[in-house]
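So you can see what is in the structure, the chains are spelled out below.
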Amino acid sequence: MSPAHIVGWGKYVPEQVLTNADLAQRIDTSHEWIIARTGVSERRIAAEGETTSSMAIQASWAALAEAGASPAELDLIIVATATPDYIFPATACLVQDALGATHAAAFDLSAGCTGFVYALGVAADMISAKDRPGSTGAALVIGAETLSRITDWTDRATCVLFGDGAGAVVLRRDESEGGVLSTVLGADGSGGDLLSMPAGGSAEPCSHRTVSERRHFIRMRGREVFRFAARAMPEATQRALEQADLTVGDLALLIPHQANERILDAAARALNLPTELVYSNVARYGNTSAASIPIALCEAVEEGLVQRDDVIVCVGFGAGLTWGATAVRWSVPLPGRPPSPWRTLRYRLLQAYAMARSFALRALRYIFSRGLGE
Ligand code: UT7
């Protein structure tokens, strides 16, 4: 086994900003309440036509460009999401097609807000195994969500929390030291009803009743989720560090799921970590579920808060219930390569190629199926 290293990172957030003041005009809430209870000041909302896959694709191109990787190198694409474009096909397959990732296996992973940590652990293990035939040892791991489409905008207890966006990392197998050191994952399905979208699956298929009873939206028992999170995040962080033979003292930065500033503060207190070592951008984006950790990681790197040889832990909790943490020794020199006209041109050409390839495949399939029908 050789370690998997994070060699590229990228994010995409929609342009449209929804502030607390905007929400206070629609529902019975206030900026003061939202800030005091959650720390969220504003969130991004996908425009009409933007989808989980379209945001994932943007974040993926950014991550590939940062890694200097081409889509054809990828072995594997995992999209962690609770808001896929469709129940099937997988959003990861839409991303695979849009990137022209001709050699990649692609699947979605559902683990609520812990999805990105789960996906990172699965991908790191898969590409670390050197003896997989045909493996190039590169994976794209994405967290992407369009939560605004499953948010009940009449429910003030939940709608103030969530936002849309996507983050992605490129993982590459490499003999060098560092990379993903350990991953701890857990689940407790007995708490599944604390945070769920009741209808739309095979248990409660879409019907007039499910729509009129607003069962296609997020339902949450906030206080119980809060209590679970305040316990699960520090425990998972400790265990991931222990598995890597490290302690909290070795930690350069904790990158937690951005659920609520109070939960981040509680985790910092439980771990005895100064709050400066707990990354937070929850004020700007709210809770973007599986997208929150990769977006936060990307911004932490861009802000120069992560340096080569630093130990970071990404930790999440969410629907399922699920939790997970992964310890990473950052192995890429920073800042990354500055953008150059050649790099921009290379990725424009790769994007044009991917679009042309997808169009040609669809056209051939259409022509072939018409031919068979005659
Ligand atoms: O990715 C995982 C996703 N989930 C989470 O991370 C959620 C974890 N939980 C939380 O973040 C918090 O529980 C919330 C932010 C959701 C709620 O905060 P809280 O301190 O637990 O408030 P609460 O639910 O106990 O409600 C307190 C009061 C209630 O009024 P009464 O019954 O005391 O009169 C609510 O009706 O606040 C009221 N309230 C609001 N007031 C103004 C609830 N939502 C709002 C609102 N604006 N948006």
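Residues numbered from 1 in each chain as written. Predicted model: local features only at pLDDT ≥ 70, side-chain atom pairs only at ≥ 80, totals over all residues.

**Observations regarding the sheet that holds strand S8 (residues 179-187)**
Consideration 1: The strand order S8-S13-S12-S11 describes an open sheet built from four strands, whose pairing is mixed. Each of the sheet's edge strands pairs with one partner strand only, and the pair in question is S8 and strand S11 (251-256). Going across the sheet, the axis of each strand differs from the next one's by a mean of 15 degrees, ignoring polarity.
Consideration 2: Bridge analysis of strand S12 (residues 311-318) against strand S13 (residues 322-329) gives eight bridges, and the strand direction is antiparallel. Paired with Val313 across the strands is Ala327, a residue of S13.
Consideration 3: With respect to the sheet, helix H11 (residues 292-302) is in contact with S11 and S12, its orientation differing from that of S11 by roughly 140 degrees. (Pairing = 2+ DSSP bridges. Helix = DSSP H or I, 4+ residues; strand = E, 2+ residues; numbered from the N terminus. Axes fitted to C-alpha atoms, helices over the stretch in contact; angles between N-to-C directions. Contact = placed C-beta atoms within 7 Å.)

**Some points on the pairing of strand S7 (residues 164-173)**
Put simply, side chains in a regular strand alternate between the two faces of the sheet.
Consideration 1: Most of S7 sits inside the fold, with 10 of its 10 residues counted as buried.
Consideration 2: Along S7, one buried face is formed by Asp164, Ala166, Ala168, Val170 and Arg172 and the opposite face, lined by Gly165, Gly167, Val169, Leu171 and Arg173, is buried too.
Consideration 3: Pairing geometry for strand S1 (residues 4-12) and S7, over eight bridges, is antiparallel. Across the sheet, the residue bridging to Lys11 is Gly167, located in S7. (Buried ≥ 20, exposed ≤ 12 C-beta atoms within 10 Å, placed from the backbone.)

**A word on the domain arrangement of the protein chain**
Consideration 1: Parsing the protein chain into structural domains produces domain 1 (4-329) and domain 2 (339-374).
Consideration 2: Between domain 1 and domain 2, the contact holds eight residues from the first and eight residues from the second.
Consideration 3: Sorting the residues of the side of domain 1 that touches domain 2 by element identifies helix H3 (52-67) and helix H4 (91-99) as the ones contributing at least two each.
Consideration 4: Per-element accounting of the side of domain 1 that touches domain 2 gives the leading share, three residues, to H4.
Consideration 5: Grouping the constituent residues of the side of domain 1 that touches domain 2 by class yields five nonpolar, two polar and one charged. (Domains from an automatic or database assignment. Nonpolar A, V, L, I, M, F, W, Y, C, P; charged D, E, K, R; others polar.)

**Description of the sheet that holds strand S6 (residues 138-146)**
Consideration 1: With mixed pairing, five strands are arranged side by side in an open sheet as S1-S7-S6-S4-S5. Only two strands of the sheet have a single neighbouring strand rather than two, namely S1 and strand S5 (105-109). Going across the sheet, the axis of each strand differs from the next one's by a mean of 15 degrees, ignoring polarity.
Consideration 2: Sheet topology note: the strand S4 (residues 76-80)/S6 ladder contains five bridges and is parallel. If you follow Leu76 over to S6, its bridge partner there is Ala139.
Consideration 3: H3 contacts S1, S4, S6 and S7 of the sheet and is inclined by roughly 130 degrees relative to S1.

**Quick look at the site of the ligand**
Consideration 1: Thr29, Arg156, Gly222, Phe226 and Ala259 are the nearest of the 21 residues found near the ligand.
Consideration 2: Put simply, the parts of the chain that give the shell around the ligand at least two residues each are helix H2 (31-38), helix H6 (156-159) and helix H8 (222-243).
Consideration 3: When grouped by side-chain class, the residues that make up the shell around the ligand number 11 nonpolar, seven polar and three charged. (Near = placed C-beta within 6 Å.)

**Here's the deal with unusual backbone geometry**
Consideration 1: A cis amide bond, omega 5 degrees, links Phe88 with the succeeding residue Pro89.
Consideration 2: Inspection of the secondary structure assignment puts Pro89 in the loop between S4 and H4.
Consideration 3: Despite not being glycine, Asn272 has its phi angle at roughly 60 degrees, a positive value.
Consideration 4: Along the chain, Asn272 falls in the loop between helix H9 (261-271) and helix H10 (282-285).
Consideration 5: Exposure remark for Asn272: the 9 C-beta atoms within 10 Å place this residue in the exposed category.
Consideration 6: A positive phi angle is found at Ser289, which is not glycine, with a value near 50 degrees.
Consideration 7: Inspection of the secondary structure assignment puts Ser289 in the loop between H10 and H11.

**Side note on the packing of H8 against H9**
Consideration 1: Between H8 and H9, whose axes approach to 9 Å, the crossing angle comes to 45 degrees. Taken as axis vectors, H8 and H9 run oblique relative to one another. Helix-helix and strand crossings are classified by hand; for H8 and H9 the assignment is right-handed. The segment H8 lies against H9, with Phe226, Ala229, Ala230, Met233, Pro234 and Thr237 engaging Ile263, Ala266, Ala267, Ala270 and Leu271.
Consideration 2: In terms of residue class, the contact of H8 with H9 is made up of 10 nonpolar, one polar and no charged. (Parallel < 35°, antiparallel > 145°, perpendicular 65-115°, else oblique. Left-handed = near helix turned anticlockwise from the far one by under 90°.)

**A closer look at the nonpolar core**
Consideration 1: Membership of the largest hydrophobic core comes to 116 residues, with the highest contact counts inside it found for Ile78, Val141 and Ile142.
Consideration 2: The dominant element in this core, judged by the number of residues it contributes, is H3, at 10 residues.
Consideration 3: In this structure Ile142 touches Ala56, Ala59, Ser60, Ile78, Val79, Ala80, Val95, Ala166 and Ala168, once residues within four positions along its chain are discounted. (Core = buried A, V, L, I, M, F, W, Y, C linked by C-beta atoms within 7 Å.)

**Focus on the environment of Thr288**
Consideration 1: Among the secondary structure elements, Thr288 is positioned in the loop between H10 and H11.
Consideration 2: Among the residues examined, Thr288 registers 33 C-beta atoms within 10 Å and is labelled buried.
Consideration 3: In sequence terms Thr288 and Ala259 are 29 residues apart; their C-alpha atoms lie 7.9 Å from each other.
Consideration 4: Ignoring sequence-local partners within four residues, the contact set of Thr288 consists of Glu145, Leu147, Gly163, Asp164, Gly165 and Ile295.

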